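Coordinate analysis (summary)
Chain residues, written in single-letter form:
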Amino acid sequence: MRILVTGGAGFIGSNFIRHMLAMHPEHTITNLDKLTYAGNLENLKDVEDLPSYAFIKADICNNTIIDSLEFDAIINFAAESHVDRSILDSSPFLQTNVIGTQSLLEAAKKRSCRMLHVSTDEVYGSIDWGFFTEESPIMPNSPYAASKASSDLLVRAYHETFGMDLTITRCSNNYGPYQFPEKLIPLVISSALQGRQIPVYGDGRNVRDWIHVNDHCRAIDLVFHRARAGDIYNIGGRNEQMNIDIIKSLLAMIAEKTGTDKETLFGLITFVKDRPGHDRRYAIDPTKIETTLGWEHETDFDKGLSETVDWYLANRAWWSRIISGEYLNYYTSQYGEGFGR
Ligand code: NAD
Ligand code: TDX
C-alpha cells in the first residue's frame, strides 16, 4: 500500500514512520509535512535514504498538491499540537486542524481511500473521576482541543454521509524521543540540563495519563490495518501521574545520571500562574482496543521515563539546535532552497 502520512516530521509522526518502515516493508510511505516550527526532518535522518520513503514539503490545506499525489491511504498526524500556543493564537489551529482535515477528507473521498485520523483524549475535556470511553461526550476546553474535536466531528460526518472508510484514534499524553521541547517532559529535561527554571502551572497537581510513543505507534498500526470503517479507538497507558510527581522523578533521575546535586535541581521548580482553562485530569479507558484488537501498552513508565532522559542526554545536539533555532536550516541544507513545492 502507498500510504500518505501527514505531519510525519513531528514527534509522533516521525516515530510512527520509523515503526512502519521497520515493521511493514510491504508499504511505501510518503511523508507530507509543512515543516512548521514543530516539524524537523532531523527526526528522520536515519530513514531518509530508504527507497520506501519519500518526503514532500506541503500544507495539508493545499488540495492542488494533494490531488497531484498517488496514494492508497492517509494517516493524518498533521496538526498544531500545543495547548499554550492555541491560547495565544487559535487561528493556525483552526486552519490546519479543521480546514486541513477537511481537505484530506476530500482527497480521500475522490480516491475512495481509507483514512486514519489521529486525535487526542483532550476532545473529551476534563474528568474528575472515572475514565473516558469512546462514548464519552466531546467537551473540549482549550482552542486546541476544540479544533481537534471539530476535526473528529468532520471525520464522523464524512463517514456517515459518504460511507467512507474512516477511523479515529484518541490517545493520551505521549512521551519519548524526538518530542519538541515545549511539551512538559522534554521541557523539564532540557531546562534542568541548562540550569533554567522549570515552570509548574497552578498547583502542579493536574493529572495526565502518560503513554510511551512506541506503544501509541503500535496501536495506530493495528487500528490502521484492522479497524472497521467508522471505528473510534481510545489509546491510553493506564498510567495516571500528577505533573509535580513527574517533574520530581525526572529531576531525581537527572541528578543521579549526571552527578548533579539533587537539591540544586529541585530548586529550579517554579510555580507560576495557571494555564487558562487548564484541564484537571485526563484518564483514558483503553478496554476497547485491548479486547477487540489485542493491543496493550508495553512500556513500564519508570523505565520509559529513564530511557527518555537517557535519550535527551545522548541527543543534546538535537534539542540544542531546536532551542537555538538552527534546526530550521536542516531542510535547506539537505534539499536546497528549490526542493518541494
Ligand atoms: P508535533 O507538533 O510534534 O508535530 C506536528 C507536525 O505536523 C509537524 O511536523 C508540523 O510541521 C506538521 N504540520 C503542522 N501543520 C501542518 C500543515 N498545515 N500541513 C502539513 N503539516 C503540518 O505534534 P505531535 O505531538 O507529534 O502530534 C501529532 C498528532 O497526534 C497531532 O494530531 C496531535 O493532535 C495528536 N496527539 C498528540 C499527543 C501528544 O501527547 N503529543 C497525544 C494525542 C494525540
Ligand atoms: O511548562 C509547563 N508547565 C506545566 O505545568 C508545561 C509546558 C506544561 N505544564 C503542565 C500542563 C499540563 O497539565 O503539564 C501538563 C502537560 O502539558 P503539555 O506537555 O503542554 O501537554 P497537554 O496540555 O497535556 O497536551 C498534550 O497531550 C495531549 C499534547 O501537547 C497534546 O498535543 C495532546 O493532544
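Described in the following lines is the structure provided in the data block.

The rules behind each value
Residues numbered from 1 in each chain as written. Chains lettered and ligands numbered in written order. Predicted model: local features only at pLDDT ≥ 70, side-chain atom pairs only at ≥ 80, totals over all residues. Heavy atoms only, no water. Salt bridge = Lys/Arg side-chain N within 4 Å of Asp/Glu carboxyl O. Helix = DSSP H or I, 4+ residues; strand = E, 2+ residues; numbered from the N terminus. Buried < 20%, exposed > 50% of the residue type's maximum accessible area, 1.4 Å probe, protein only. 1 Å grid on protein atoms, 1.4 Å probe; cavity = no way out; pocket = protein on both sides within 12 Å on 5 of 7 lines; lining within 4 Å. Points joined across faces, edges and corners; volume = space filled by probe spheres on them. Nonpolar A, V, L, I, M, F, W, Y, C, P; charged D, E, K, R; others polar. Core = buried A, V, L, I, M, F, W, Y, C linked by side-chain atoms within 4.5 Å. Contact = heavy atoms within 4.5 Å. Axes fitted to C-alpha atoms, helices over the stretch in contact; angles between N-to-C directions. Parallel < 35°, antiparallel > 145°, perpendicular 65-115°, else oblique. Left-handed = near helix turned anticlockwise from the far one by under 90°. Near = heavy atom within 4 Å. Polar contact = N/O pair within 3.5 Å; in protein donor to acceptor, adjacent residues only side chain to side chain. Areas by Shrake-Rupley, 256 points an atom, 1.4 Å probe, with all protein chains shown as cover. Pairing = 2+ DSSP bridges.

A short note on the pattern of salt bridges
If charged atoms from side chains of opposite charge come close, those side chains can pair. Counted according to the given criterion, the structure contains 20 salt bridges. Here Lys34 makes a salt bridge to Asp59, at a shortest N to O gap of 3.4 Å. With Lys34 in the loop between strand E2 (28-33) and strand E3 (53-57) and Asp59 in the loop between E3 and helix H2 (63-67), this pair connects stretches of sequence that are 25 residues apart. You can call Lys34 partly exposed: its relative accessible area is 40%. For Asp84, the salt bridge goes to Arg275, with nearest N and O atoms at 2.6 Å. Here the residue Asp84 occupies a position in helix H3 (residues 83-88), and Arg275 occupies one in the loop between strand E12 (269-272) and helix H10 (287-293), the gap between them amounting to 191 residues. We note that Asp84, like Arg275, is buried. One connected set of salt bridges, linked through shared partners, spans Arg2, Glu70 and Asp72.

Some remarks on the layout of surface pockets
Each pocket or cavity is described by its volume, and for the second largest pocket that value is around 200 Å³. Residue lining of the second largest pocket: 15 residues in total, with Arg156, Ile168, Arg170, Gly230 and Ile232 positioned closest to the centre. The greatest single-element share of the lining of the second largest pocket, amounting to 6 residues, is contributed by helix H5 (residues 143-162). Residue composition of the lining of the second largest pocket, grouped by class: 6 nonpolar, 4 polar and 5 charged.

Section: the nonpolar core
Residues Phe16, Ile29, Leu41, Tyr53, Ile75, Phe77 and Ile289 are the most contacted members of the largest nonpolar core, which totals 38 residues. Setting aside residues no more than four positions away along its own chain, Leu41 makes contact with Ala9, Leu35, Glu48, Tyr53, Phe55, Tyr330, Tyr331 and Tyr335. In terms of nonpolar packing, the next biggest core, distinct from the first, is built from 32 residues, Tyr178, Phe180, Ile198 and Ala255 among them.

Remarks on the packing of helix H6 (residues 184-194) against helix H11 (residues 301-314)
Direction vectors running N to C along H6 and H11 enclose 50 degrees, while the axes themselves pass 10 Å from each other. Relative to H11, the element H6 lies oblique. Once H6 is placed against H11, the crossing between them reads as right-handed. In this structure, H6 uses Ile185, Pro186, Ile189 and Leu193 to contact H11, whose residues at the interface are Leu305, Thr308, Val309, Tyr312 and Leu313. Along the lines of polarity and charge, the residues of the contact of H6 with H11 split into 8 nonpolar, 1 polar and no charged.

Some details on the site of ligand 2
Within the structure, ligand 2 sits among 20 residues, and Thr120, Glu122, Tyr144, Arg275 and His278 are positioned closest to it. One nitrogen or oxygen atom from the side chain of Glu122 is found 2.5 Å from an oxygen atom belonging to ligand 2. His278 has a polar side-chain atom sitting 2.6 Å from an oxygen atom of ligand 2. Coverage of ligand 2 by the protein chains reaches 94% of its 660 Å² of free accessible surface. In the shell around ligand 2, the residues fall into 8 nonpolar, 7 polar and 5 charged.

Topic: the site of ligand 1
Close to ligand 1 lie 28 residues, the nearest being Ile12, Asp33, Ser81, Tyr144 and Lys148. Interatomic distance of 3.5 Å between a backbone N/O atom of Gly39 and an oxygen atom of ligand 1. Relative to its unbound accessible area of 840 Å², ligand 1 is 97% covered by the protein chains. Going through the elements one at a time, helix H1 (11-23), strand E5 (114-120), H5 and strand E7 (173-175) are the ones with two or more residues in the shell around ligand 1. If you tally residues by element for the shell around ligand 1, the top one is E5, at 3 residues. Across the shell around ligand 1, the residue classes tally to 13 nonpolar, 11 polar and 4 charged.

Details of the sheet that holds strand E10 (residues 232-235)
Pairing is parallel in the open sheet, where 7 strands are placed in the order E3-E2-E1-E4-E5-E6-E10. For this open sheet the edge positions go to E3 and E10, each flanked by a neighbour on one side alone. On average, each strand axis in the sheet is inclined to that of its neighbour by 20 degrees, with strand direction left out of account. For strand E1 (residues 2-6) and E2, the ladder comprises 5 bridges, and the chain directions are parallel.

Notes on unusual backbone geometry
The phi angle at Tyr178 is positive, at roughly 70 degrees, despite the residue not being glycine. For Tyr178, a relative accessible area of 17% gives the class buried. A positive phi is found at Arg238, a non-glycine position, where the angle reads about 45 degrees. Its location among the elements puts Arg238 in the loop between E10 and strand E11 (240-242).

Considerations on the pairing of strand E8 (residues 198-201)
The side-chain alternation of E8 yields one buried face, formed by Ile198 and Val200, and one unburied face, formed by Pro199 and Tyr201. Two elements, E8 and E12, share 4 bridges in a ladder whose sense is parallel. Looking at E12, one finds that Pro199 is bridged to Thr270.

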